[in-house]
Amino acid sequence: AQTVTQSQPEMSVQEAETVTLSCTYDTSENNYYLFWYKQPPSRQMILVIRQEAYKQQNATENRFSVNFQKAAKSFSLKISDSQLGDTAMYFCAFMKWSQGAQKLVFGQGTRLTINP
Amino acid sequence: SQTIHQWPATLVQPVGSPLSLECTVEGTSNPNLYWYRQAAGRGLQLLFYSVGIGQISSEVPQNLSASRPQDRQFILSSKKLLLSDSGFYLCAWSQLLAVYGYTFGSGTRLTVV
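The rules behind the values
Residues numbered from 1 in each chain as written. Chains lettered and ligands numbered in written order. Predicted model: local features only at pLDDT ≥ 70, side-chain atom pairs only at ≥ 80, totals over all residues. Heavy atoms only, no water. Salt bridge = Lys/Arg side-chain N within 4 Å of Asp/Glu carboxyl O. Buried < 20%, exposed > 50% of the residue type's maximum accessible area, 1.4 Å probe, protein only. Contact = heavy atoms within 4.5 Å. Buried area = accessible area lost by both parts, 1.4 Å probe. Polar contact = N/O pair within 3.5 Å; in protein donor to acceptor, adjacent residues only side chain to side chain. Helix = DSSP H or I, 4+ residues; strand = E, 2+ residues; numbered from the N terminus. Nonpolar A, V, L, I, M, F, W, Y, C, P; charged D, E, K, R; others polar. Phe/Tyr/Trp six-rings, centres within 6.5 Å; stacked < 30°, edge-to-face > 60°. Lys NZ or Arg CZ within 6 Å of the ring centre and 35° of its normal. Pairing = 2+ DSSP bridges. Axes fitted to C-alpha atoms, helices over the stretch in contact; angles between N-to-C directions.

**Q** Just to check I follow, could you spell out the pattern of salt bridges for this structure?
**A** As a working rule, side chains carrying opposite charge can pair if their charged atoms are close by. All names here are of chain A. Applying the stated criterion to the full structure yields 7 salt bridges over all chains. Two residues, Arg50 and Glu52, come together in a salt bridge whose shortest N-O distance is 3.1 Å. One exposure class covers both Arg50 and Glu52, and it is buried. Within the structure, one salt-bridge network assembled from shared partners comprises Arg50, Glu52 and Lys55.

**Q** Mind showing me how you'd approach the interface of chain B and chain A here?
**A** One frequently used descriptor of interface size is the decrease in accessible area upon assembly of the parts. Every contact between the two is made by 25 residues of chain B and, on the other side, 23 residues of chain A. Together chain B and chain A conceal approximately 2,000 Å² of surface at their shared face, both sides included; 51% is due to carbon and sulfur atoms. Where chain B meets chain A, there are 1 salt bridge. Residue B:Glu59 pairs with A:Lys103 through a salt bridge whose shortest N-O separation is 2.8 Å. The interface formed by chain B and chain A holds 12 residue pairs in polar contact (both at pLDDT 80 or more) in total. Taken together, the elements giving at least two residues each to the side of chain B that touches chain A come down to strand 4 (32-38), strand 5 (44-52) and strand 9 (87-94) of chain B. Counted by class, the side of chain B that touches chain A contains 15 nonpolar, 7 polar and 3 charged residues.

**Q** What am I meant to see in the packing of aromatic side chains here?
**A** Two aromatic rings are characterised by how far apart their centres lie and by the angle between their planes. Counting across every chain of the model gives 16 aromatic pairs over all chains. Between the aromatic rings of A:Tyr32 and A:Phe94, the centroid separation amounts to 5.2 Å while the plane-to-plane angle is 40°, which identifies the pairing as tilted. With A:Tyr32 in the loop between strand 4 (24-26) and strand 5 (33-39) and A:Phe94 in strand 10 (residues 88-98), this pair connects stretches of sequence that are 62 residues apart. You can call A:Tyr32 buried: its relative accessible area is 3%. Above the face of the B:Phe88 ring, A:Arg43 is positioned so that its terminal group lies 4.0 Å from the ring centre.

**Q** When you look at the pairing of strand 6 (residues 55-58) of chain B in this model, what are you seeing that I'm missing?
**A** It is a general feature of regular strands that their side chains alternate between the two faces of the sheet. All names here are of chain B. Across 3 bridges, the pairing between strand 5 and strand 6 is antiparallel. Note that in strand 6 the partner of Tyr49 across the bridge is Ser57. Between strand 5 and strand 6, which pair antiparallel and follow one another directly, the connecting turn spans 2 residues, one of which, Gly54, has a positive phi of 75°.

**Q** Explanation requested: the side chain of A:Glu52 in the structure shown.
**A** Note on placement: A:Glu52 falls in strand 6 (residues 46-52). Looking at A:Glu52, its side chain comes within polar contact range of the side chain of A:Arg50, at 3.1 Å.

**Q** What am I meant to see in the sheet that holds strand 8 (residues 73-78) of chain B here?
**A** Across a sheet, strands are paired by hydrogen bonds formed along the backbone, either parallel or antiparallel in direction. All names here are of chain B. Pairing is antiparallel across the open sheet formed by 4 strands, whose spatial order is 1-3-8-7. The open sheet terminates on both sides in strands that have one partner only, identified here as strand 1 (3-7) and strand 7 (65-70). Across the sheet, the mean angle from the axis of one strand to that of its neighbour is 20°, orientation sign disregarded. Bridge analysis of strand 3 (residues 19-26) against strand 8 gives 6 bridges, and the strand direction is antiparallel. Residue pairing across strands places Leu21 opposite Leu76, the latter belonging to strand 8.

Nothing here speaks to function; it is all geometry.
Dropping the structure here:
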C-alpha cells in the first residue's frame, strides 16, 4: 500500500529565510506523480507544485522547488525567500491508480509559520 | 474555466439528524469527483469517489453515503449523524487522467453536537 510520511508536524522560520519540508513515500510503482498542496487558514487547498516520477529534473515554481530523490522515495519542498503569506499547512501527496480512478493519498501535513 | 462549488460553508447539526452536503462542478464534463474528510489538525482521508453518474466507490466503512445524480453533482449524506462525523469535508474534481492533481472546493466545516 502506498503511504506518505511527513515527519515534521510543525516548523517555524523568519521571513525571507529558506525552509525545507520533508516528505517520504512508499510505493512499488515506477511511474507516478507527486504533489505539494498548501492549506492556508482559509482551509482552501491550493496546488503548489507537482513532480512526474519519470522526469529526473526537479520541478520549480517561482520560489517553490522540490528535491525529488526517486531511489530514496523522498520528495522535499523548498521555499525560498519565505513570505508571511506562506504561513499554512503543507501536504505532500502521492497519486495512485486504483479501481479505475487516480487517487491522491496525503501525508499528515506540516504546519509552517513564517514569522515577521 | 472550471469552477467547483461546495456548500454550506459551515454547519452545526444535532446528533441523529440527517446530513446533505452538495458539490457541483462547472466548465467541464464527466469529471472524477471525490469527497475527503479532514479531522482537526490532521491529513485528508478519502471517503468516496465517482468516475461517472450513479457510480460511487467507498474507501472506508462509515456512517456516510454519497450519490452522483448528475454528471457534475456530488452529494454527501447521512441518515443519522454521529459525534464522530464532525470534521472538515472537502469535495474535489479531476480529469480522468488526474496528472495535474485535483481542484478542491472551499470545504464544509461540520460540527455535530
